[in-house]
Amino acid sequence: MSRRYAWPALVLACVGFAFLYVPLFTLVAYSFNESQRVTMWTRFSTRWYAALAGSQELIDATLMSVKIATLSATMAVIVGTAAAIALARYKRFRGRGLLMLAVTVPLATPEVLIGFSLLLLFVGLGIERGVLTVVIAHTTLGIAYVTVVVQARLASFDRSLEEAAADLGGRPLAVFKLVTLPLLMPGLVAGWLLTFVLSLDDLVLANFVNGPGTSTLPMVVFGRVRTGLSPEVNALAAIFIAFVTVTLAVVLLLERSNTAHAAAQD
Amino acid sequence: MSAGPRPVSPGSLIALPPVFWLGIFFVVPFLFVLMISLATPQIGRPPYVLGFSLDSYAAIFGDAKYLDALLNSLRLASLTTLLTLILGFPMAYVMARAAPGPRAVMLLLVFIPFWTASLLRIYAWMALLQEGGIVNRVLIMLGVIDRPLTLLYTTGSILVGMVYAYLPFMVLPLFAVLSRLDWRLLDAASDLGARPPVTFLRITLPLAAPGILAGSLLVFVPALGEFVVPELLGGQSGLMIGKLIWYEFFNSNDWPRAAALSVSFVVVILSLPLLGQLRGRRPEAGA
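On a predicted model such as this, the values are computed, not experimentally measured, just so you know.

**Q** I tried to follow the overall build of chain B on my own but got confused; where do I start?
**A** Scanning chain B from N- to C-terminus turns up 12 helices and 2 strands. Secondary structure elements of chain B, listed N to C terminal, follow the sequence α-β-β-α-α-α-α-α-α-α-α-α-α-α. For 287 residues, the compact-globule formula gives about 19 Å, and the C-alpha radius of gyration of chain B, at 24 Å, lies well above that figure. Along the longest, intermediate and shortest principal axes, the C-alpha atoms of chain B span 80 × 70 × 40 Å. Counting all 287 residues of chain B, 48% fall into the buried class. Looking at chain B alone, contacts between residues at least 24 apart form 66% of all its contacts between residues at least 6 apart. As displayed, chain B has an accessible area near 14,200 Å², and 69% of this comes from carbon and sulfur atoms.

Set out below in structure tokens:
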């Protein structure tokens, strides 16, 4: 089948990709700049990385963020998968409309609203703010994303595998554990990672529902950046980008080898 | 349906945890916001006294800056949605039509910025748009301008930041829909004599409509209430609702007013589809 793109589409697409990447390149490039100012490049230096490693504030904040993100992602996957299964497998049940609304609205709600309303809830109920409240906030948002991802995965499923397992005498729970869950796994992992990154990146929710002494990484970065540029942030960004790139590349390669493997078995 | 008690469907049971969770942590909080919007501010903890007072609403409707912020937010969010669509559609299109190898690479390229903390990416623009930053330096080098432009802290910089932050949210749904398209339809159209622009308008675009809608929703509404971009890239200009709610809460410590603003904001968001329906009300054949 011929693949003809009209050249305008290709050009515009390249512009789009370039637009996405120029800032990322400059971030990384300037993280190696000796000078503190962005306005001139003096010479290559890794001093900002050293400064990063030596900053207790940033290290603590990173650990805090990772902890919160892990908890939120795990909770979100558990609750979100339940929602996805309910929506994808059971076409009519009481509360279905409500569930559909509840899992899609958070995706289209500004974070300021979610954060502010959650804070009022916590204050009104006298719940002390800290790690728990931030995890709750991130989980709530994550559930919406997980549901979308897992639902998509469920929809592309071949149900005959589950039916075969049931025919062979497997009880529903066993079928779920041994057949459905493994097949769902890529979707679960994707949903977990999505929520993890969301939580790691979140500034607004954390600011609203956080407690004293539990600063997250975005909060610290925001505090520094608000008043101007800070090259340690460049170093942080470069590390972040490297990490994301490597992780995604690995995931991509695994997925390709998986499908190649599966195709070879046919 | 036969009479008798209906057995509880397993769907209802499985749906219980998510409904429970989202009910408590998403729906109920909004009721709290409503309640606080009717409270009166006070110095102390908590900084409000429950009651029934419409003072906060009166203050909001009486002060032009809130309406200005709302209109500004609507304007910027619409422009952001439009620009991300214009920039993102070619990307999604090329990705959808690519062979599996290049397509995977392009997906990777879209995902990397998507997964890189938006805070960091917006920070990148702070550096780029500075007076001594790269954009100005390149423009001067190319001879387009003599002196550095003030690019930062303008409506333009907010727009650039928003488009940058939200572009992946438009590309991915578009790609999801476009990748399922039957491209033979396009071949058939050209076989029947249609020129590419016509094919695009009459076939590709309508088929891509669900993706456009999904992407627009994922961009427009969150962009309306965006805080980080206007705060870091907008400075004093470009007052947006998200920023206002934040300021009322964190700077003025006026929780009732922030709550009233939030409620008004939610009402506006909810009434947008209704407005759209009113305008689009015309007899449709076979809709």
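That covers the picture; the talk isn't over yet.
**Q** Hey, could you run me through the pattern of salt bridges in this one?
**A** Oppositely charged side chains can pair when the atoms bearing their charge come close. Residue and element names in this part refer to chain A. Applying the stated criterion across every chain, the model contains 4 salt bridges over all chains. A salt bridge links E57 to R224; its shortest N-O distance comes to 3.0 Å. Taken as a pair, E57 in helix α3 (residues 56–89) and R224 in helix α10 (residues 217–226) lie far apart in primary sequence, 167 residues in all. The exposure class assigned to R224 is partly exposed, which follows from its relative accessible area of 24%. Look at the salt bridges and you will find they share partners, linking E57, R224 and E232 into a network.

**Q** Even after reading the chapter, I still don't get a nonpolar patch on the surface, so can you show me in this structure?
**A** A contiguous nonpolar patch, built from L79(B), L82(B), L83(B) and I86(B) and spanning about 320 Å² of accessible area, is present on the exposed surface. By secondary structure assignment, the location of I86(B) is in helix α3 (residues 64–97).

**Q** When you look at the packing of aromatic side chains in this model, what are you seeing that I'm missing?
**A** What describes a pair of aromatic rings is the distance from one ring centre to the other and the angle between the planes of the rings. Residue and element names in this part refer to chain A. Throughout the structure, instances matching the rule amount to 26 aromatic pairs over all chains. Pairing F116 with F208 gives two aromatic rings, centres 6.0 Å apart and planes at 55°, and the pair type is tilted. A residue pair is termed long-range when its members are at least 10 positions apart, and F116 in helix α5 (residues 111–125) and F208 in helix α9 (residues 204–209) qualify at 92 residues. Here F116 falls in the buried class, since its relative accessible area comes to 0%.

**Q** What is the right way to look at α3(B) in this model?
**A** Note that an α-helix has 3.6 residues per turn; residues three or four places apart therefore point the same way. Residues and elements named next belong to chain B. The first and last C-alpha atoms of α3 sit 49 Å apart over 34 residues, in line with the 50 Å expected at 1.5 Å per residue. Bending of α3 peaks at approximately 35° at the position of G88, with proline P90 no more than four residues after it. The distance from a side-chain oxygen at the start of α3 to the backbone nitrogen of K65 is 3.1 Å, and the residue carrying that oxygen is D63.

**Q** How should I be thinking about helix α4 (residues 100–115) of chain B in this particular structure?
**A** Over its 16 residues, α4(B) extends 22 Å from the first C-alpha to the last, a length consistent with the 22 Å expected when each residue adds 1.5 Å. For α4(B), the complete set of buried residues consists of A104(B), M106(B), L108(B), V110(B), I112(B), P113(B), F114(B) and W115(B).

**Q** Can you help me understand the packing of helix α1 (residues 7–31) of chain A against helix α7 (residues 155–178) of chain B in this one?
**A** What describes two packed helices is the angle between their axes and the distance between those same axes. Following both chains from N to C, one finds α1(A) and α7(B) inclined at 105°, their axes separated by 11 Å at the closest point. Overall, the two elements α1(A) and α7(B) adopt an arrangement that is roughly perpendicular. From α1(A), G16(A), F19(A), L20(A), P23(A) and L24(A) reach across to α7(B), where they touch V160(B), V163(B), Y164(B) and L167(B).

**Q** What is the right way to look at the interface of chain B and chain A in this model?
**A** How big an interface is tends to be reported as the loss of accessible area on association of its parts. Of the residues lining the interface, 87 residues belong to chain B; the matching set on chain A comes to 89 residues. Contact with chain A buries surface across chain B, with W21(B), W115(B) and Y123(B) losing the most and accounting together for 10% of the total. Where chain B meets chain A, there are 6 residue pairs in polar contact (both at pLDDT 80 or more). With 19 residues, the single largest contributor to the side of chain B that touches chain A is helix α1 (residues 10–37) of chain B. A class-by-class count of the residues in the side of chain B that touches chain A yields 70 nonpolar, 12 polar and 5 charged.

**Q** In this structure, what is going on with the packing of α3(B) against α7(B)? I would like to understand it.
**A** Residue and element names in this part refer to chain B. Running from N to C, α3 and α7 point in directions that differ by 45°, and their axes come no closer than 6 Å. As summarised for this structure, α3 and α7 are arranged oblique, according to the angle between their axes. For the crossing formed where α3 meets α7, the hand is right-handed. Looking at the contact of α3 with α7 residue by residue, the classes come out as 22 nonpolar, 5 polar and 1 charged.

**Q** Honestly, the confidence of the model for chain A in this entry has me stumped. Any pointers?
**A** In the predicted model, chain A carries a mean pLDDT of 83, and the fraction of residues at 70 or more is 93%. Least confident of the elements in chain A is helix α11 (residues 231–265) of chain A, whose mean pLDDT is 78; most confident is α9(A), at 91.

The rules behind these values
- Within every chain, residues take consecutive numbers counted from 1 along the sequence as written.
- Naming scheme: in the order in which they are written, chains are lettered from A and ligands are numbered from 1.
- In keeping with the model being predicted, local features are shown solely for residues with a pLDDT of at least 70 and side-chain atom pairs are shown and tallied solely at 80 or more, while totals for entire chains, interfaces and linings include all residues.
- Just so you know, side-chain values use all the structure's heavy atoms and leave hydrogens and water out.
- Only runs of H or I of at least four residues qualify as helices and only runs of E of at least two qualify as strands under DSSP, and these elements are numbered from the N terminus.
- In this description the radius of gyration comes from C-alpha coordinates, and the expected globular size is given by 2.2 Å times residues to the power 0.38.
- Three exposure classes are used, based on accessible area relative to the maximum for each residue type with a 1.4 Å probe and protein chains only: buried under 20%, partly exposed in between, and exposed over 50%.
- The contact rule is simple, with two residues in contact once any of their heavy atoms fall within 4.5 Å.
- Every accessible area reported is derived by Shrake-Rupley at a probe size of 1.4 Å, with residue values counting cover from the shown protein chains alone.
- By salt bridge we mean one thing: a side-chain nitrogen of Lys or Arg within 4 Å of a carboxyl oxygen of Asp or Glu.
- Here the term patch refers to residues with relative accessible area over 30% and no salt bridge, with like charges joined within 9 Å and nonpolar side chains (Val, Leu, Ile, Met, Phe, Trp, Tyr) within 5 Å.
- Note on ring pairs: Phe, Tyr and Trp rings are taken, using the six-membered ring of Trp, and paired if centres are within 6.5 Å. Classes follow the plane angle, with under 30 degrees stacked, over 60 edge-to-face and the rest tilted.
- Under the convention used throughout, the expected extent of a helix is 1.5 Å for every residue step, that is, one less than its residue count.
- Across the chain, bend at a residue is computed as the angle between axes fitted to the seven residues ending at that point and the seven starting from it.
- Counted as a polar contact is a pair of N or O atoms within 3.5 Å, where, for protein atoms, one must be capable of donating a hydrogen and the other of accepting one, and residues adjacent in sequence contribute only when both atoms are in side chains.
- For helices, the fitted axis covers only the stretch in contact; all axes are lines through C-alpha atoms, and the angles between them, taken along N-to-C directions, range from 0 to 180 degrees.
- Roughly parallel means an angle under 35 degrees; roughly antiparallel means over 145; roughly perpendicular covers 65 to 115; every other angle is labelled oblique.
- Buried area: the sum, over both parts, of the accessible surface (1.4 Å probe) that disappears when the two are put together.
- Any residue outside Ala, Val, Leu, Ile, Met, Phe, Trp, Tyr, Cys, Pro, Asp, Glu, Lys and Arg is labelled polar, Gly included; the first ten of those are nonpolar and the last four are charged.
- Crossings are assigned a handedness: left-handed for a near helix turned anticlockwise from the far helix by less than a right angle, right-handed for a clockwise turn.
- Scored from 0 to 100, pLDDT reflects the predictor's confidence in each residue.

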